[in-house]
Amino acid sequence: MVSYITSLNGGESDAYHILTRRIAPNRAANRDPSRYDRPEVFDPSRYLDDFQTSAEAATNSDVKKRDHFTFGVGRRVCQGMHLADRSMYLSIARLLWAFDFQKALDPEGNEITPDRWAVTEGLVMQPQRFPVKITPRSEERVRILRQAWRDCEKFLDDEKQWKELPKGIALPGYETASDEKM
Ligand code: HEM
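Summary of the structure given here. Values in this document were obtained by computation on a predicted structure and should not be read as measured data.

1. Regarding the overall build of the chain
Okay, so step 1: If you tally the helices and strands in the chain, you get five helices and four strands.
Okay, so step 2: Reading the secondary structure of the chain in the N-to-C direction produces β-β-α-α-α-β-β-α-α.
Okay, so step 3: The buried share among the 182 residues of the chain stands at 1%.
Okay, so step 4: A fraction of 33% describes how many contacts in the chain between residues 6 or more apart in sequence connect residues 24 or more apart.

What follows is the structure in C-alpha cells.
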C-alpha cells in the first residue's frame, strides 16, 4: 500500500485528503512457480507462442494467459504500457544493433556473473551496479550513432531537456521554446 496526502483548496485550508492506493505484488506474481517453470531463469522461449500485446494480455479474462504482471493488474493497471512496450522494443533493438554485450572479466580473466538477487531496495527495484563489457559492433555503427546523437542534440537544452519539439510529434498544447519567443 502507498499513502500520500494532498491539501484541499490549494493549501489555503487545514483540510487534507489522505489517499491510499494498492500496488499489486507484481514481482511475486511474476515468480509464481505454479505459473512458470523455473521462474527465476531468464527464458524468453516462455513467450514463443504468445502473440498478445501487453494490453491484450493485461485484459485477457483468462488469467492463465497473462504473460506477466509487471504493469500491474485490474483497473489501475499501467496506462503507459503501450508506450513502454514500444520504447523498450526500440531501445533494446538499437542497443543490440550497435553493441556487443559481454560479461566483464576479473583480474584473473574469469567472467564475472552478476548476482541476480543484488537489487536496490524500495518500491521500484533495479539491479545494483555491476561490471559489464560493452563494445561497438563496428566503426560504421559508431559513426551512425554519433551522427544520430548530433541530430538529437539540437532539440535539447543545457539540461538535456527538449527545447524544440521534433517535427511530426503532435502534442496538443505543447509550446516549444521557439514558439514562446514568437
Ligand atoms: C517499463 C515501464 C513501466 C512499468 C514497468 C510500469 C508499471 C506500472 C505499475 C506496476 C503501475 C501500477 C499498477 C497497479 O496499481 O496495479 C503503473 C501505473 C501507471 N503507469 Fe506505468 N509503468 C511503466 C511505464 C509507464 C509509462 C511510460 C507511462 C506513461 C507514459 C506510465 C503511466 C502510468 C500511469 C498513469 C499509471 C497509473 C494508472 C492508474 O492509477 O490508474 N507507465 N505503472
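From this point, things continue past the structure.
2. A word on helix α4 (residues 139-153)
Okay, so step 1: Taking 1.5 Å per residue as the helical rise, α4 with its 15 residues ought to reach 21 Å, and the 21 Å between its terminal C-alpha atoms agrees with that figure.
Okay, so step 2: Counting buried residues in α4 gives zero out of 15 residues, a small share hidden from the surface.

3. Describing unusual backbone geometry
Okay, so step 1: Of note in this structure, R38 is not a glycine but carries a positive phi near 45°.
Okay, so step 2: Structurally, the position occupied by R38 is in the loop between α1 (26-30) and α2 (54-58).
Okay, so step 3: The exposure class of R38 is exposed, given the 9 C-beta atoms found within 10 Å.
Okay, so step 4: With a phi close to 65°, K160 is a non-glycine residue in the positive phi region.
Okay, so step 5: Mapped onto the secondary structure, K160 falls in the loop between α4 and α5 (177-181).

4. Details of the pairing of strand β4 (residues 132-136)
Okay, so step 1: Counting buried positions along β4 gives zero out of five residues, so the element sits mostly on the surface.
Okay, so step 2: As paired elements, strand β3 (residues 99-103) and β4 share five bridges and run antiparallel to each other. Each residue of the ladder has a partner; that of D100, found in β4, is T135.

5. A look at the site of the ligand
Okay, so step 1: Taken together, 14 residues are adjacent to the ligand, and G72, R76, C78, G80 and A84 come closest.
Okay, so step 2: Its residues assigned to classes, the shell around the ligand shows eight nonpolar, five polar and one charged.

6. Focus: the environment of M125
Okay, so step 1: Within the element layout of this structure, M125 appears in the loop between β3 and β4.
Okay, so step 2: Spatially, the C-alpha atoms of M125 and R27 are 9.7 Å apart, while their sequence positions differ by 98 residues.
Okay, so step 3: Apart from the residues lying within four places of it in its own chain, the contact partners of M125 are V119 and T120.

7. Some words on the environment of T59
Okay, so step 1: The topology assignment puts T59 in the loop between α2 and α3 (81-98).
Okay, so step 2: Since 11 C-beta atoms lie within 10 Å of it, T59 is described here as exposed.
Okay, so step 3: Residues T59 and V73, 14 residues apart in the sequence, show an inter-C-alpha distance of 8.7 Å.

8. Things to note about the environment of K103
Okay, so step 1: Tracing the sequence through the fold places K103 in strand β3.
Okay, so step 2: When the 14 C-beta atoms within 10 Å are taken as the criterion, K103 is described as partly exposed.
Okay, so step 3: If sequence neighbours within four positions are ignored, K103 has contacts with E111, I112, T113, V132 and K133.

The rules we used
- Residues numbered from 1 in each chain as written.
- Predicted model: local features only at pLDDT ≥ 70, side-chain atom pairs only at ≥ 80, totals over all residues.
- Helix = DSSP H or I, 4+ residues; strand = E, 2+ residues; numbered from the N terminus.
- Buried ≥ 20, exposed ≤ 12 C-beta atoms within 10 Å, placed from the backbone.
- Contact = placed C-beta atoms within 7 Å.
- Expected span 1.5 Å × (residues − 1).
- Pairing = 2+ DSSP bridges.
- Near = placed C-beta within 6 Å.
- Nonpolar A, V, L, I, M, F, W, Y, C, P; charged D, E, K, R; others polar.

Nothing here speaks to function; it is geometry throughout.
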